Amino acid sequence: MKIDWTKMGHGMHKPFMALATILASVLMTFNPAHAGSVSRIDANGSQITISFDDLVEGASAFSLVGPDRIAIDVQGGKAGRGGHATGIVKGVRQGQYTPNTARIVFDLERPAMVTAGSFSEDGKKLNLRLQPVGQSQIASGRQSFLPPANFRAEPPRKSYSVKMPLGKPRDSVNLPKIYGPNDVNRPLVVIDAGHGGHDPGTVSPHGGKYEKNVVLALAMAIRDRLVAGGRVRVALTRDSDEYLVLEERYGIARRLNADLFISLHADAAGNEEASGATVYTLSEVASDREAAKLAARENKANIINGINLGGATRDVSSILIDLTQRETMNVSADFAKLLHREGSRQMVFRKIPHRFASFVVLKAPDTPSVLFEAGYLTNKDDVAFLNSRDGRARVATGVASAIESHFARKLAMR
Ligand code: ZN
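Residues numbered from 1 in each chain as written. Predicted model: local features only at pLDDT ≥ 70, side-chain atom pairs only at ≥ 80, totals over all residues. Heavy atoms only, no water.

## A few points about unusual backbone geometry
So, point 1. Residue His-195 is not a glycine yet carries a positive backbone phi of 60°.
So, point 2. Locating His-195 in the fold gives a position in the loop between β12 (188-193) and α4 (211-229).
So, point 3. The buried category is assigned to His-195, whose relative accessible area is 7%. (Helix = DSSP H or I, 4+ residues; strand = E, 2+ residues; numbered from the N terminus. Buried < 20%, exposed > 50% of the residue type's maximum accessible area, 1.4 Å probe, protein only.)

## So, the confidence of the model for the chain
So, point 1. Per-residue pLDDT for the chain averages 81, and the proportion of residues at 70 or more is 81%.
So, point 2. Considering only residues more than four positions removed or in separate chains, one finds that residues 158-173, a stretch of pLDDT under 50, has 13 contacts.
So, point 3. Here residues 304-319 is a poorly scored stretch, pLDDT under 50, and it has 22 contacts once near neighbours within four places are set aside; other chains count. (pLDDT = per-residue confidence, 0-100. Contact = heavy atoms within 4.5 Å.)

## What to know about the coordination of the zinc ion
So, point 1. The zinc ion binds to the protein through His-195 (NE2), Glu-211 (OE), His-265 (ND1), Glu-298 (OE) and Glu-298 (OE), with metal-donor distances spanning 2.1 to 2.4 Å.
So, point 2. For the zinc ion, the single-chain donor residues occur in sequence as H-x15-E-x53-H-x32-E. With a gap of 33 residues between them, His-265 in strand β14 (residues 260-267) and Glu-298 in helix α6 (residues 289-299) connect regions that are remote in the sequence.
So, point 3. Taking the relative accessible area as the measure of exposure, His-265 reaches 5% and is therefore buried.
So, point 4. Look at Glu-298 and you get buried, because its relative accessible area is 8%. (Donors = N, O, S within 2.8 Å, 3.2 Å for Na, K, Ca; no water.)

## Comments concerning empty space enclosed by the protein
So, point 1. Summed over the entire model, instances satisfying the criterion amount to two cavities of 30 Å³ or more.
So, point 2. The computed volume of the largest cavity comes to approximately 40 Å³.
So, point 3. Around the largest cavity, the lining residues are Leu-282, Gln-325, Thr-328, Met-329, Ser-332, Leu-362, Ala-364, Thr-367 and Ser-369.
So, point 4. Looking at side-chain class alone, the lining of the largest cavity contains four nonpolar, five polar and no charged residues.
So, point 5. When its volume is computed, the second largest cavity comes out at roughly 30 Å³.
So, point 6. Every residue lining the second largest cavity is listed: Leu-246, His-265, Glu-298, Asn-299, Phe-359, Val-360, Val-361 and Leu-371.
So, point 7. Each residue belonging to the lining of the second largest cavity can be placed in one class, and the counts come to five nonpolar, two polar and one charged. (1 Å grid on protein atoms, 1.4 Å probe; cavity = no way out; pocket = protein on both sides within 12 Å on 5 of 7 lines; lining within 4 Å. Points joined across faces, edges and corners; volume = space filled by probe spheres on them. Nonpolar A, V, L, I, M, F, W, Y, C, P; charged D, E, K, R; others polar.)

Next up, the structure:
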């Protein structure tokens, strides 16, 4: 199966479409000359053997639960068809995930992890050992396997990176400025201040504060705190009172190849007692009615004067994209827990601090994303806290230390 990423931008604005088209076509022209095709897959009980007809660059494995699956990405590989399965493996599927990556998916009878794996001496077979584990033991993250150096395909030359038309800083693409260390290897986090321009978001009954202004000030405070920490790079989707449709917000994160995306909001409730912060991650099934209602409210930002600026909702139900999204959702949920852990040292969270719902702004399939409702603009104390210098500093410290621990943890796993 071929994934045409340009199609996913259906509802996005033209500049993004144009960029996506350029990227895709440039990538296609740099197909590796010699990619090993997957010639055979045997899953025999807990032993899996994947055979190639030529050399590949390497492979990585990750586990997924509900439904239970293991996915193998083969770099420098071409997908073949099907495979033979017995035992814990119920079925095998393959697809061409990117021009240079074949993805193989094993549907499992119960949760399992790859506990050992290695390439054969000639680099043309990858042997993996599976072990059933409890669902809670499934770790997010990948294990990588490399063929012996003499039998490893060279990665495709990335000469397209110099051929990209990057010249003009203020062309139609309009990517925001990246703050922090001038080092592309540092993780990049994109902070999105919700609403903006003609969309004020929630208007506080206490002093008439607009959500769009409250969250912009918070976004800037978090940016400054991260820049001062010097560990990660950071960009804002907006740094002024500007309106962006929801797809543009995560589109910016994707185009910058961000490692993490945080959308900042402030909540409203009929009950003025309601207070505290909540962190939301993406799920098609909302965790409760309140979460579903909030998602519907935040998603409305795309509909102005009855016209849906975000375009029709796309059905991105391809199994391959779905898998990436699920892996991304696991990482997002891990970050949500960290955000609660670090954040609650600085500010008040709600009783159920992590909830799920279908927020459009969290739908980038490949960027771990959370939506952070920093508090209630309908609650007097929350409004005072979020609008004070001390409150902003506390939110910034909590969010920034969660971000820094998240990336420290990821680096340690490598
Ligand atoms: Zn909002």
